[in-house]
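Read off the chains here:
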There are 4 protein chains.
Amino acid sequence: MVTDCKRERILTAALEIFSTQGFANTTVQEIAAKAKVGKGTVYTYFATKEDVLIDLLDEGLAHMGKHIEERIKLLTDSGMKLRAILREQLRYFHNNRPLMRLLSREAWGQELGSSSIAHRIRSSYIKMLQEVIDKGIEAGELRALDSETVATALYGMVSLVALYAKDITCEAKLEHVEMTLQELFFQGVALSPAF
Amino acid sequence: MVTDCKRERILTAALEIFSTQGFANTTVQEIAAKAKVGKGTVYTYFATKEDVLIDLLDEGLAHMGKHIEERIKLLTDSGMKLRAILREQLRYFHNNRPLMRLLSREAWGQELGSSSIAHRIRSSYIKMLQEVIDKGIEAGELRALDSETVATALYGMVSLVALYAKDITCEAKLEHVEMTLQELFFQGVALSPAF
Amino acid sequence: MVTDCKRERILTAALEIFSTQGFANTTVQEIAAKAKVGKGTVYTYFATKEDVLIDLLDEGLAHMGKHIEERIKLLTDSGMKLRAILREQLRYFHNNRPLMRLLSREAWGQELGSSSIAHRIRSSYIKMLQEVIDKGIEAGELRALDSETVATALYGMVSLVALYAKDITCEAKLEHVEMTLQELFFQGVALSPAF
Amino acid sequence: MVTDCKRERILTAALEIFSTQGFANTTVQEIAAKAKVGKGTVYTYFATKEDVLIDLLDEGLAHMGKHIEERIKLLTDSGMKLRAILREQLRYFHNNRPLMRLLSREAWGQELGSSSIAHRIRSSYIKMLQEVIDKGIEAGELRALDSETVATALYGMVSLVALYAKDITCEAKLEHVEMTLQELFFQGVALSPAF
DNA sequence: CATGAATGAGGCTTCATTCAT
DNA sequence: AATGAATGAAGCCTCATTCAT
C-alpha cells in the first residue's frame, strides 16, 4: 500500500495471474509484463518463481490470521466468536478473492514447498476454529458435535461460498449471503428440530 | 473396472499423479511409467496430455452424477433427498479422493480448457442441489433460506470434510462424520433455536 | 568410428567446437547444429552440457593411455621406453589435436568437475613417465636428475610442440620435429658436455 | 604497485578469479566483490569484462617481456642468454602463477579477442627465444637443431614445470628445479653422448 | 567518481508431441 | 497396436551492461 516499490508491483501482478492461471501455467515473463518491470527485475527481489508464490502466501495469510484473531479476542462468548469468525472469514475471502483462490488451488497439491505452506496455513486456521468450538461445547453454548468435523465444515462452507458466488455484487448482497450462512450454520435448514 | 486394457491403466496412473502433483507438474513420461506402457502409447489413446485430464474428469464426474441421481430419484421427500445427497457425496468424495482432489484443484483456475470442465461440472452439480432445495422450500419442508447459498455451502462443507479429514480410517468413523454433518446441516450448531 | 549413431556425431561436433572456442563459449545449440541433430537430442545422450565434455575427456584420454602403454610394455630398456613415449605422445597429440588442445585448456581451471578430470588424467600420465625415468636412473641408463621435474618437462615440451607447431604439414616434417626433440631431450642443446 | 587506486584492486581481483575459474565462469559481480568496489565501478575503469582480461594480459606480459629482456641484453654469449632466459622465465612464471596460468588457459582458444592476445604474446616470446637460439647455432655455441622446435620445447618445459610443480615451496627447491632443467636442456638425460 | 537497481538478451534444460520401426 | 528416439518450442534463470542518483 504505502511502499509502492517494484517488489509490491511484482507481488500484486503475480497474485492476479497465479490466482487465475495457476502457478505452473504462469510465466515469469507474464508477471514482469503485468508489473511493468523487466524480466530480470523479478529476480532482483525473488530468488525463484516459487519464492514469489511463497512470499505471497506467507505475507497474505499471516495477514488474514492477524486480522481475524484481532476481531475475536475481545469477544468472550463462544457463539459470538464463531459468528464473528464466520463473518470475517467470509469478508476476508471475498475481499481477497485472488489470494484465497490461490490458496485453495495450491493447498491441494502436496509435493511443492509452496503447497505445504498453503496446507499448513489452512490447518492451523482450522485448528483455531476447532478450539473455539470446543470451548463453546464445554461452556454448554453449542451442541456437542464432533468439533473437528464442524470446524472443517465451517471453513469449507464459508470459503466455497465466498469464492464461488458470482452474484455478490454489493454490500447488501454480501450481508444477505452472510445472514444465510449464519442461519444455516447455527440453526440448520430444517424447519423443525423434530425433523 | 472390468476392462483392464492400457487405456484404463493410463487413466488410473494419471489420476494418481495428477491428484498429488497437479496437472502441470506431471509429465507424460511419468504417467506412462506408472501405467507401465510406452510414452507413445499414451498418444494412441489420448490426443493430448490435457485430454487425459479431461477424460478423467468427464468420466469420473459423469459417474458421480449418475451415481447420486440414481440414489435420489426414488425419494420423494426433499429433506430425504438432501440427506441422501449429503451421504452419497461424502462417500463418493471419500472413496474417490484422488479424483475429487484433482477436481478441487483444477476447478479454481479459469483459463485452461480443463478448468472450465471442472468448473462446469461443479456448477451443474450445485445447480442440481439448488433445485432440490428450492423444491423443499416450496413444499414447506425446509426453511426459506437463499437456496443458491445453501447449495454452495452444502457442497463446500461436504467436499472439504471428505478431502481434508485424515482420521476417517474406518466405516464407523465415516458414519460418525456423516452424522455430524447431517446434524450440522439440518439443525445447526446452536443449542436452542432462540440462540 | 564403427558406430556412427547420433552419440558419436555429437561427441565429434562438441570436440571440434570445445577445442577452439572453449567449453564455456560453446552453446548446446552450436553442438547440435554441427552434429546435425536437434537441440533436444543432445539431452537424449548426455544429461548435461558438462557431461559431454567429461565423456569426451574420459573416453579420449583412456584411449591415449591404453595406446601408449601398449607400445611401451614390450620394451625393456628404459631409454628405449622413453624414446617410444616421446614419439607416441607427440604423434598422439598431433593426430588428436582438438582433443588434446581441449585437455590443455581445461586442465588449468580448477573448479569444474571437468577440470579435475583433465587434471587427474594429466597427473596420472606424468606419474607414469616419472616411474619410467626412475627405473632408468636406477638401472644406470639415465642421468640422476630429479625425475619429477624431468617427467613434467618432457610432457610440457612434447605437448606444446605438438599443439603449437603449425608447420608440421607432412609425415617428413613430423619426423624431423620428433628427431629434434629426441636429440634435445637425450643429449641437450649444448655442443660439448663441458659447456 | 605504487598506485593502489581502484583500478589496481580490480585487476588484482580479476586475475585471481580468472586464473582459477576461467574467464567465462567469472562474473563481474565476483570481481567487484573481491575488489571491494561496486559493480558499476568496474565499468568506470574498463569498458568491458573482456577488457579487464585484455589489460591484465597486456600489462602483465609486457612486464614479463621487459623484465626478461633486461636481464639478457647485457649478456653476449648465446648459451648464457639461454641459461638466463630459462632461469628468469621459470621464476617469472612461478612468481606470477595466477597470471601465467590464465595465459596458458586462454591461449589455447582462438576465436575470442582475448585468446588472440594471449596467443600473440606467446608467439612473440617464442620468436625471441628462437632468435637467441639461431644466433647460438651460427656462433657455433649450440648444436644445429631445428631452432623453432627447440624454442617451443624450451617454453613448454619451463612453463609446465613452473605451473605444475606443487612442491616448489622454498627458494632452495626452486633452485634445484632450475638446475635440473638447465642440465636437462643443455646436456640431456642420456648418460653418454653415444647413447 | 561510485554505486547498485534495472534490464533483456541469451543459455541450459524440460517436455509434449511426432513418427519410423 | 506399441514403442521410444528425435525434436524444437518455451520456460527459468544468469549476467554483462546501463543509468539515475
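Everything quoted here is computed from the prediction, not taken from an experiment. (Residues numbered from 1 in each chain as written. Chains lettered and ligands numbered in written order. Predicted model: local features only at pLDDT ≥ 70, side-chain atom pairs only at ≥ 80, totals over all residues. Heavy atoms only, no water.)

A.B. asks: Which residues make up the interface of chain C and chain D, and what values do they have?
C.D. replies: Taken together, the contact between chain C and chain D spans 56 residues of the former and 56 residues of the latter. Between chain C and chain D, roughly 5,500 Å² of surface is buried when both sides are summed, and carbon and sulfur atoms account for 65% of that area. The largest contributions to the chain C side of the interface with chain D come from W108, R143 and Y164 of chain C, which together make up 16% of the buried area. Applying the counting criterion to the chain C and chain D interface returns 2 salt bridges. Close ionic contact of E183 of chain C with R143 of chain D constitutes a salt bridge, the shortest N to O distance being 2.3 Å. Inspection of the region where chain C meets chain D yields 14 residue pairs in polar contact (both at pLDDT 80 or more). (Contact = heavy atoms within 4.5 Å. Buried area = accessible area lost by both parts, 1.4 Å probe. Salt bridge = Lys/Arg side-chain N within 4 Å of Asp/Glu carboxyl O. Polar contact = N/O pair within 3.5 Å; in protein donor to acceptor, adjacent residues only side chain to side chain.)

A.B. asks: Run through the domain arrangement of chain A, naming residues and quoting values.
C.D. replies: Residues and elements named next belong to chain A. Segmentation of chain A into domains returns domain 1 (1-47) and domain 2 (49-187). Centre-to-centre separation of domain 1 and domain 2, based on C-alpha positions: 26 Å. The partner domain 2 presents 15 residues to the 16 residues of domain 1 that form the contact. Regarding the contact of domain 1 and domain 2, the summed buried area is about 1,400 Å², with carbon and sulfur atoms giving 70% of it. When the area that domain 1 buries against domain 2 is broken down by residue, the three leading residues are L15, S19 and F23, summing to 40%. (Domains from an automatic or database assignment.)

A.B. asks: Any details on the protein's contact with DNA strand E? Residues and values, ideally.
C.D. replies: As a matter of local geometry, DNA strand E sits amid 30 residues, with K39, T41 and Y45 of chain A, Y43 of chain C together with T41 of chain D nearest to it. Residue V28 of chain B places a main-chain N or O atom 2.8 Å away from a phosphate oxygen belonging to DNA strand E. For DNA strand E, a base oxygen lies 3.2 Å from a polar atom in the side chain of K39 of chain B. Those elements that provide at least two residues to the surface near DNA strand E are helix 3 (39-45) of chain A, helix 3 (39-45) of chain B, helix 3 (39-45) of chain C together with helix 3 (39-45) of chain D. (Near = heavy atom within 4 Å. Helix = DSSP H or I, 4+ residues; strand = E, 2+ residues; numbered from the N terminus.)

A.B. asks: Which residues make up the interface of chain B and chain A, and what values do they have?
C.D. replies: Taken together, the 56 residues of chain B in the interface contact 56 residues of chain A. Interface area for chain B against chain A, summed over the two sides, is near 5,500 Å², with a carbon-plus-sulfur share of 65%. Across the chain B-chain A interface, the total number found is 2 salt bridges. Counting the contacts that link chain B with chain A gives 14 residue pairs in polar contact (both at pLDDT 80 or more). Counting residues per element, the ones that place at least two in the side of chain B that touches chain A are helix 1 (6-21), helix 5 (78-95), helix 6 (97-106), helix 7 (113-138), helix 8 (147-164) and helix 9 (171-187) of chain B. Residues belonging to the side of chain B that touches chain A are distributed by class as follows: 24 nonpolar, 19 polar and 13 charged. (Nonpolar A, V, L, I, M, F, W, Y, C, P; charged D, E, K, R; others polar.)

A.B. asks: Which residues make up the relation of the copies chain B and chain A, and what values do they have?
C.D. replies: Between the two copies, chain B and chain A, the superposition gives an RMSD of 0.3 Å; the rotation angle is 180° and the shift along the axis is 0.0 Å. On this basis, the relationship between the two copies can be described by a two-fold rotation axis. Within chain B, the C-alpha atom positioned nearest to the axis of rotation is that of G188 of chain B, 1.9 Å from it. With an isologous cut-off of 70% or more, the 100% of interface residues of chain B that recur at the interface of chain A puts this contact in the isologous class. (Least-squares fit on C-alpha atoms with pLDDT ≥ 70 in both.)

A.B. asks: Break down the packing of helix 5 (residues 78-95) of chain A against helix 9 (residues 171-187) of chain A for me, with residues and values.
C.D. replies: All names here are of chain A. Put simply, helix 5 and helix 9 touch, their axes get as near as 11 Å, and they point 140° apart. By the angle class used here, helix 5 and helix 9 are oblique. Both helix 5 and helix 9 take part in a crossing whose hand is right-handed. Here G79, L82, R83, L86, R87, L90, R91 and H94 of helix 5 lie close against helix 9, whose contacting residues are E171, L174, E175, V177, E178, L181, Q182, F185 and F186. Residues that form the contact of helix 5 with helix 9 fall into these classes: 8 nonpolar, 3 polar and 6 charged. (Axes fitted to C-alpha atoms, helices over the stretch in contact; angles between N-to-C directions. Parallel < 35°, antiparallel > 145°, perpendicular 65-115°, else oblique. Left-handed = near helix turned anticlockwise from the far one by under 90°.)

A.B. asks: Give me the relation of the copies chain C and chain D: which residues, what numbers.
C.D. replies: Overlaying chain C with chain D gives an RMSD of 0.2 Å, the required rotation being 180° about an axis along which the chain moves by 0.1 Å. The overlap is high: 100% of the interface residues of chain C also sit at the interface in chain D, so the same surface is used on both sides.

A.B. asks: Summarise the protein's contact with DNA strand F; cite the residues concerned and give the values.
C.D. replies: Surveying the vicinity of DNA strand F reveals 30 residues, the closest of which are Y43 of chain A, T41 of chain B, T41 and Y45 of chain C together with V28 of chain D. Close to the protein, within 4 Å, the atoms of DNA strand F are drawn from sugar and phosphate at a rate of 71%. Contact distances for DNA strand F include 2.8 Å between a phosphate oxygen and a side-chain N or O atom of Y45 of chain B. When contributions to the surface near DNA strand F are tallied by element, the ones reaching two or more residues are helix 3 of chain A, helix 3 of chain B, helix 3 of chain C together with helix 3 of chain D. Its residues assigned to classes, the surface near DNA strand F shows 8 nonpolar, 14 polar and 8 charged.

A.B. asks: Which residues make up helix 2 (residues 28-35) of chain C, and what values do they have?
C.D. replies: Along an α-helix, residues three or four apart share an orientation, since each turn contains 3.6 residues. Residues and elements named next belong to chain C. Among the residues of helix 2, those classed as buried are V28, I31, A32 and A35. Projected down its long axis, helix 2 shows its buried positions confined to an angular sector of 95°, all on one face. Where helix 2 is buried, its residues meet helix 1 (6-21), helix 3 and helix 4 (49-73). Once helix 2 ends, the next one or two residues include K36, with phi positive near 55°. (Buried < 20%, exposed > 50% of the residue type's maximum accessible area, 1.4 Å probe, protein only. Arc of directions from axis to C-beta.)

A.B. asks: Lay out the pattern of salt bridges in plain terms, naming residues and giving numbers.
C.D. replies: For the structure on display, the rule yields 38 salt bridges over all chains. E178 of chain D is paired through a salt bridge with R87 of chain D; the nearest N and O atoms lie 3.0 Å apart. Of this pair, E178 of chain D sits in helix 9 (residues 171-187) while R87 of chain D sits in helix 5 (residues 78-95); the two residues are 91 residues apart in sequence, bridging distant segments of the chain. Notably, a salt bridge pairs R91 of chain D with E178 of chain D, separated by 3.6 Å at the nearest N-O pair. One end of the pair, R91 of chain D, is in helix 5; the other, E178 of chain D, is in helix 9, and 87 residues separate them in sequence. Its relative accessible area of 8% is what places E178 of chain D among the buried residues. Linked by salt bridges that have partners in common, R71, R87, E88, R91, E171 and E178 of chain A make up one network.

A.B. asks: Describe the arrangement of the chains, listing the residues and the values that go with them.
C.D. replies: Separated in space, chain A and chain C share no contact, their closest pair of C-alpha atoms being 21 Å apart. Left apart from each other, chain B and chain C have a closest C-alpha approach of 14 Å.

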